[in-house]
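Chain by chain, the residues:
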Amino acid sequence: MNREVEFRLLDARLGRDFPLPDYATAQSAGMDLRAMVDQSLELAPGEAQLVPSGLAIHLGDPAMCAVILPRSGLGHKQGLVLGNLVGLIDADYQGPLMVSLWNRGRLPVTIAPGDRIAQLVFLPVVRAVLRQVDAFAESGRGQGGFGHTGVR
Ligand SMILES: O=c1ccn([C@H]2C[C@H](O)[C@@H](COP(=O)(O)OP(=O)(O)OP(=O)(O)O)O2)c(=O)[nH]1
């Protein structure tokens, strides 16, 4: 199912010098986000910087959110991941989409204007209402967790 999400172009180079965000294949889950920086930037090993995507989105529907995720190739090969590990975009957020880029590798990484640096995935959200109780009804698992079922 396709849902419409409003977005604003904050950088005139998007759609002119660089493609607008789009799905790379018919079944891609993520839209690539580009580094809309004025000039190339270098991330030293261990360094994180907030990089503008040149876009703002407004989901406007509490049953949706979006997440910013690393690109697998960049993360695995160059160690370029996200400083917040995953970026969560709230339905009521209308500001610029920023990408926290973190070089977790051992070598510097150079980012050029327009480089595809991360991906944006839209997800459904279920919002819970908490109900306080004195005790839980028995579930069978109880408090078992953190490996209580063993490794094999
Ligand atoms: O990688 C990210 C993560 C978040 N955001 C924007 C959208 C999100 O809705 C807003 C706030 O994010 P979050 O709630 O995760 O941040 P916070 O540190 O809890 O700040 P706040 O107090 O502003 O909610 O910042 C981004 O642009 N990029």
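In what follows, the structure referred to is the one given above.
Report on the accompanying structure. Just so we're clear, the structure is a prediction, and the values are computed from it rather than from any experiment.

### Observations concerning the site of the ligand
Then step 1. The environment of the ligand is made up of Ile-68, Asn-84, Gly-87, Leu-88, Ile-89, Asp-90, Tyr-93, Pro-96, Leu-97 and Met-98.
Then step 2. Within the side chain of Asp-90, one N or O atom sits 2.6 Å away from an oxygen atom of the ligand.
Then step 3. In the environment of the ligand, a nitrogen atom lies 2.7 Å from a nitrogen or oxygen atom belonging to the backbone of Met-98.
Then step 4. Across the complex, the protein chains shield 49% of the 570 Å² of accessible surface that the ligand would expose by itself.

### Quick look at the sheet that holds strand β5 (residues 64–70)
Then step 1. Read from one edge to the other, the open sheet built from four strands follows the order β2-β10-β5-β7, with strand pairing classed as antiparallel. Of all the strands in the sheet, the pair left with one neighbour each is β2 (31–34) and β7 (87–89). Averaged over all neighbouring strand pairs, the angle between strand axes comes to 30°, with direction disregarded.
Then step 2. Of the strand pairs in this sheet, β5 and strand β10 (residues 116–124) are connected by seven bridges, and their pairing is antiparallel. In the strand pairing of β10, Pro-70 is matched with Ala-118.

### Focus on the pattern of salt bridges
Then step 1. Summed over all chains, the structure comprises six salt bridges.
Then step 2. A salt bridge links Asp-38 to Arg-13; the nearest nitrogen and oxygen atoms lie 4.0 Å apart. A residue pair is termed long-range when its members are at least 10 positions apart, and Asp-38 in the loop between β2 and β3 (41–43) and Arg-13 in the loop between β1 (6–9) and β2 qualify at 25 residues.
Then step 3. What makes Asp-38 exposed here is its relative accessible area of 70%.
Then step 4. Residue classification places Arg-13 among the buried positions, given a relative accessible area of 16%.
Then step 5. Arg-71 serves as the salt-bridge partner of Asp-32, at 3.7 Å between the closest nitrogen and oxygen.

Rules of the game
Residues numbered from 1 in each chain as written. Predicted model: local features only at pLDDT ≥ 70, side-chain atom pairs only at ≥ 80, totals over all residues. Heavy atoms only, no water. Near = heavy atom within 4 Å. Polar contact = N/O pair within 3.5 Å; in protein donor to acceptor, adjacent residues only side chain to side chain. Areas by Shrake-Rupley, 256 points an atom, 1.4 Å probe, with all protein chains shown as cover. Pairing = 2+ DSSP bridges. Helix = DSSP H or I, 4+ residues; strand = E, 2+ residues; numbered from the N terminus. Axes fitted to C-alpha atoms, helices over the stretch in contact; angles between N-to-C directions. Salt bridge = Lys/Arg side-chain N within 4 Å of Asp/Glu carboxyl O. Buried < 20%, exposed > 50% of the residue type's maximum accessible area, 1.4 Å probe, protein only.

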